[in-house]
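A closer look at the structure
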Amino acid sequence: MLSISNGLLRGVLLSCLLVSTTRAAPRETVNLDGVWSFATDPSNRGETEKWFKPEVKLPAMPLPGYAPEASGKIQVPGIWDNQGYGVETEVMRHNAPGKGWYRRQVPIPEDWSDKHIFLYIGGVHRYSKVWVNRQDFGEHIGFVSDFEYDITDSVEPGQVAFITIQVDSKQRWEVDALYGAADYADYMNSEWGGIWGHVRLEARADAWLSELYIQPDVGASQCTASAVLNGTTGRADTVKLEVFDAEGKVVAEAAAPVAETVAAGQTVGLAAAIPDATLWSPDHPYVYTARLSLLEGDEVIDAVNTGFGMREIKIDGPFILLNGKRVMLHGYGDDHIYPVEMAMSSDEDLHLERLRLIKSYGFNHVRHHSTTMPPEYYEACDEVGMISTA
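Owing to the predicted nature of the structure, the values given are computational and were not obtained by experimental measurement.

As for helix α2 (residues 375-384)
With seven of 10 residues buried, α2 is to be regarded as a mostly interior element. Looking at α2, one finds that the buried residues are Glu376, Tyr377, Tyr378, Ala380, Cys381, Asp382 and Val384. Just downstream of α2 lies Gly385, where phi reads positive at about 100°.

Here it is in structure tokens:
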């Protein structure tokens, strides 16, 4: 994902920087996308009535003015307003500002008994609270970011876990002043709500990596990978970087010892040379995959990976240089207008289809006015060959 701003100083060198923890080879996952039980809470009584308890039933849906299909089930990822929940307004067919409650029973795999179990949520709008088996995990504030909870002590492998997620779409200006940062609906004074990101359970070892960061160096034909080390840090003795080409072949690798003095929360990483690296450009959007692994002896404890392009941008006077050559940006503005999905779609295929159509008109650049797009969008930009800026 590449971002350029008008405030860049002359001569500053930028590289493609990517962060991902979404694909970890040794990690087992349980995909929680799909259908959840759901109810809106227009009277704000859910917490008082303890809707997070399994024995307490959610109120019957649909309420008056809701679509007939808004009958107590909802698709995740997605938002509730475009799934029929809410009443008609001047600008929306259905709108239900306030709180919505998601519930689901999830079997925890029996062989996860020696793992750290995390609940990962790709994004909500606008705030959320989470309960797992009645245990309150607190509130998340930040609708353009993913988040996770270590639920190990609240679940039992081989048993069913009861997960409740409350989402509140009403903006609280005293803690959250973001406006128009992820949707066009803000400008219509419409507060939409829902879980817009992917949801899953992850099983991790007692040492794991997070916040993977890739920095390509075109001049040296190499890339540097780093990540934060978490958990029992003394177990891991080696960190390994592998780079795969577009066909899945290993084209670069390197390994380095993990110092015994590295503590949880500190960064580990290393660089690997990529001989004759293929450079990324809008005309040739070549995407490599980097995988950073944590090892104990020959055993892979954990791994995180992400796609990246070998590219760098330099501002040289009035010119923009991509990989040392002048590039002309043929751009357009996109204010995150998605009439059907409404906002924050996590469907990468949707973004690929739209960007390919736009690319066919001759564009190679898109500016998102004060908007943060979902991660699937930026991955699609890399694949299609679109330079995205804020």
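Here's the deal with the packing of aromatic side chains
Scanning the entire structure with this criterion turns up 15 aromatic pairs. With centroids separated by 5.5 Å and ring planes inclined at 35°, the aromatic side chains of Phe38 and Trp80 adopt a geometry described as tilted. Placement of the pair is Phe38 in strand β4 (residues 34-41) and Trp80 in the loop between β5 (73-76) and β6 (99-107), with a sequence separation of 42 residues. The exposure class assigned to Phe38 is buried, which follows from its relative accessible area of 1%. Taking the relative accessible area as the measure of exposure, Trp80 reaches 0% and is therefore buried. With a centroid separation of 4.8 Å and an interplanar angle of 5°, the aromatic rings of Phe52 and Trp131 are classed as stacked. Residue Phe52 is located in the loop between β4 and β5, and its partner Trp131 is located in strand β9 (residues 127-132); the two are separated by 79 residues in the primary sequence. Among the aromatic residues, those joined into a ring-pair cluster are Trp36, Phe38, Tyr66, Trp80, Tyr85 and Tyr102. A cation over a ring is seen here: Arg311 above Trp280, with NZ or CZ 4.2 Å from the ring centre.

Thoughts on the pattern of salt bridges
The final tally for this structure, using the stated rule, is 20 salt bridges. Close ionic contact of Arg45 with Glu49 constitutes a salt bridge, the shortest N to O distance being 2.8 Å. One salt bridge connects Glu299 with Arg235, and the closest N-O pair in it is separated by 3.4 Å. Note that Glu299 is positioned in strand β21 (residues 299-308) and Arg235 in the loop between β16 (222-231) and β17 (238-244), a separation of 64 residues in sequence.

Here we look at the sheet that holds strand β25 (residues 331-333)
Hydrogen bonding along the main chain pairs the strands of a sheet, whether they run parallel or antiparallel. The three strands lie next to each other as β25-β26-β27, forming an open sheet whose pairing is parallel. Pairing within the sheet leaves two strands with one partner each, and these edge strands are β25 and β27 (387-389). When strand polarity is set aside, the average angle formed by the axes of neighbouring strands in this sheet is 20°. Examined bridge by bridge, β25 and strand β26 (residues 365-367) share three bridges and lie parallel to one another. Note on β26: the bridge partner recorded for Gly333 is Arg367.

Considering a nonpolar patch on the surface
Side chains of Trp173, Tyr179 and Tyr187 sit close together on the surface and give an oily, nonpolar patch of about 340 Å² of accessible area. For Tyr187, the location among the structural elements is in the loop between β12 (160-168) and β13 (194-195). Assessed through its relative accessible area of 37%, Tyr187 is described here as partly exposed.

Considering helix α1 (residues 348-360)
End to end, α1 covers 18 Å across 13 residues, agreeing with the expected 18 Å (1.5 Å per residue, within 8%). Those residues of α1 that fall on the buried side of the exposure criterion are Leu350, His351, Leu352, Leu355 and Ile358. Residues of α1 that are buried sit in contact with β25 and α2. Where α1 begins, the capping side chain belongs to Asp347, and its oxygen is found 3.0 Å from the backbone nitrogen of Asp349. Phi turns positive one or two residues past the end of α1, at Gly362, with a value near 100°.

Overview of the pairing of β17
Counting buried residues along β17, five of its seven residues qualify, which places the element largely inside the surrounding structure. Examined bridge by bridge, β17 and strand β18 (residues 250-257) share seven bridges and lie antiparallel to one another. Its bridge partner lying in β18, Glu242 is registered against Glu253. If you look at the hairpin formed by β17 and β18, you'll find five residues sitting between the two strands, and Gly248 has a positive phi there, around 90°. Sheet topology note: the β17/strand β20 (residues 288-296) ladder contains seven bridges and is antiparallel. Across the sheet, residue Glu242 finds its bridge partner in β20, namely Arg291.

What about the packing of α1 against α2?
Close contact between α1 and α2 brings their axes to 9 Å; oriented N to C, the two are set at 40°. Taken together, the axis directions place α1 and α2 in an arrangement best described as oblique. As α1 runs across α2, the sense of the crossing is right-handed. Residue-level inspection shows Glu348, His351, Leu352, Leu355, Arg356 and Lys359 of α1 in contact with α2, the latter providing Glu376, Tyr377, Glu379, Ala380, Cys381, Glu383 and Val384. Residue composition of the contact of α1 with α2, grouped by class: six nonpolar, one polar and six charged.

As for the nonpolar core
One finds Tyr102, Leu119 and Leu201 to be the most contacted residues of the largest nonpolar core, which totals 40 residues. If one sorts the elements of this core by residue count, β12 sits on top with four residues. Within the second largest apolar cluster, 30 residues are counted, among which are Ala236, Leu294, Ile301 and Phe308.

What to know about the environment of His94
With respect to the helices, strands and loops of the structure, His94 is situated in the loop between β5 and β6. Considered as a pair, His94 and Tyr213 are 119 residues apart in the sequence and their alpha carbons are 40 Å apart. Other than its neighbours up to four places away in sequence, His94 contacts Gly65, Tyr66, Ala67, Asp81, Gly84, Tyr85, Gly86 and Val87. A polar contact is formed between the side chain of His94 and the backbone oxygen of Gly86, at a distance of 2.8 Å.

Rules behind the numbers
Residues numbered from 1 in each chain as written. Predicted model: local features only at pLDDT ≥ 70, side-chain atom pairs only at ≥ 80, totals over all residues. Heavy atoms only, no water. Buried < 20%, exposed > 50% of the residue type's maximum accessible area, 1.4 Å probe, protein only. Helix = DSSP H or I, 4+ residues; strand = E, 2+ residues; numbered from the N terminus. Phe/Tyr/Trp six-rings, centres within 6.5 Å; stacked < 30°, edge-to-face > 60°. Lys NZ or Arg CZ within 6 Å of the ring centre and 35° of its normal. Salt bridge = Lys/Arg side-chain N within 4 Å of Asp/Glu carboxyl O. Pairing = 2+ DSSP bridges. Axes fitted to C-alpha atoms, helices over the stretch in contact; angles between N-to-C directions. Patch = residues over 30% accessible without salt bridge, like charges linked within 9 Å, V, L, I, M, F, W, Y side chains within 5 Å. Areas by Shrake-Rupley, 256 points an atom, 1.4 Å probe, with all protein chains shown as cover. Expected span 1.5 Å × (residues − 1). Contact = heavy atoms within 4.5 Å. Polar contact = N/O pair within 3.5 Å; in protein donor to acceptor, adjacent residues only side chain to side chain. Parallel < 35°, antiparallel > 145°, perpendicular 65-115°, else oblique. Left-handed = near helix turned anticlockwise from the far one by under 90°. Nonpolar A, V, L, I, M, F, W, Y, C, P; charged D, E, K, R; others polar. Core = buried A, V, L, I, M, F, W, Y, C linked by side-chain atoms within 4.5 Å.

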